[in-house]
Amino acid sequence: MSDSTLRVPGSTETAEEQYRGFLIIFAIISVILLVVSGALVAYVASNGRLFPPKQPSAPYTGYNVNPAVISKPGDGGYLKPETLAAANKYIQEHPQPQNAQVLKGMSTAQIYNYMVTQVAGGLKQNCTTCHNVNNFASDELGTKVLARQMMLMVADLNQNYVVTLPANAGGKMVTCATCHNGKINFNTYPAVQSPIPQSWVLPLDNLDALQVTGKKDPQLAQVQQNQYTMNHMNYALGVGCAFCHNARYFPSYEIPQKSYALTMLKMSQHINQNYKTIMNGKTPSCWMCHQQNYLPPGSVTQADQSAKPISVHP
């Protein structure tokens, strides 16, 4: 039997016939592709469009600004109507952000929504505190540069400390209001502790001073330092010793809140070591954020979309 009459097993066609059929099909498909490609090229060349142009998105208007915060004569509101008008004009002219260095991946309107609810709302300040409202992209005011540094600090604290706490510890994230509590300048220690006795200041330079293990008798000075620090923490959170401690054996870590408190002390130490300049030399404390509450009143949950915590973007 010659090669030309070889048959593929299980087929009535010879190998040559099958090969010829493949070439015919390939040629037909090639012709179809060439015709379609030529038609598309001719259509585009004649100023046609392959797809209809996308319609521009409707302007974002979900600012969710509570009318109560818009200033009216004599009411003490912090957002000025003329500022809101300038912001709306800027958003219409620049729907995509200019000079956004922290809040990346957001539209101008979304950034403004965040700034109004979180920054202006957290400090109870009008936009003019940090911005030239005729050019929101400008960095001419030092307060804007400082605010940007603080936002990066907030992202650092949330991503490296707060996120390590379990959800059942509150699931709260740091925002501007967590420390500022509606004031542009704030005290880190309560008025009842001012002037601050040095013994009440958190020992952020040496947290080991608070580690009483029970393995050996502590020195009297260490016991006193612990008492002063715990006194501050009790007052700051509005709780008693048993909230974090087994009162029958204080060195024990069996109550989870004690570990959470240590994480927050380490966060305070981190702030003191890395952000003292933008903190204007102030030493952080538990009361600064907690204000006699177990959960800081100025913090937010991740589920609160209007107060979405920021993240550092490369």
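Parameters and conventions
- Residues numbered from 1 in each chain as written.
- Predicted model: local features only at pLDDT ≥ 70, side-chain atom pairs only at ≥ 80, totals over all residues.
- Heavy atoms only, no water.
- Helix = DSSP H or I, 4+ residues; strand = E, 2+ residues; numbered from the N terminus.
- Buried < 20%, exposed > 50% of the residue type's maximum accessible area, 1.4 Å probe, protein only.
- Contact = heavy atoms within 4.5 Å.
- Expected span 1.5 Å × (residues − 1).
- Arc of directions from axis to C-beta.

Undergrad: I would appreciate a short explanation of the side chain of Q269 in the present structure.
TA: Within the secondary structure, Q269 sits in helix α7 (residues 256-274). Relative accessible area serves as the criterion here: at 17%, Q269 is assigned to the buried category. What Q269 contacts, discounting residues up to four positions off in sequence, is L204, D205, N206 and L207.

Undergrad: Would you explain helix α6 (residues 220-237) in this entry?
TA: The periodicity of an α-helix, 3.6 residues per turn, causes residues three or four places apart in sequence to face the same way. The end-to-end C-alpha separation of α6 is 26 Å, in line with the 26 Å expected for 18 residues at 1.5 Å each. Among all positions in α6, only N226, T229, H232, M233, A236 and L237 are buried. What you see down the axis of α6 is that its buried residues fit within an arc of 130°, all on one side. Every exposed residue of α6 that faces more than 90 degrees away from the buried side is listed here: L220 and Q227. Summarising the contacts, the buried residues of α6 are in contact with α7 and α8 (286-290). Residue G238 follows α6 closely and has a positive phi angle near 65°.

Undergrad: Would you take a moment to explain unusual backbone geometry for this structure?
TA: Glycine aside, the phi torsion of most residues is negative, and most peptide linkages are trans. One non-glycine residue, N280, lies in the positive phi region at around 55°. Overall, N280 belongs to the exposed group, its relative accessible area being 66%. The phi dihedral of Q291 is positive, around 50°, even though this residue is not glycine. Within the secondary structure layout, Q291 lies in the loop between α8 and β2 (300-301). By relative accessible area, which is 25% here, Q291 ends up partly exposed.

Undergrad: Is there a simple way to explain α7 in this structure?
TA: Taking 1.5 Å of rise per residue, the 19 residues of α7 would be expected to cover 27 Å, and the 27 Å separating its terminal C-alpha atoms lies within 8% of that figure. Along α7, the residues that are buried comprise Q257, K258, Y260, A261, L262, L265, M267, S268, Q269, H270, I271 and N272. Of the surrounding elements, those touching the buried residues of α7 are α4 (142-160) and α6.

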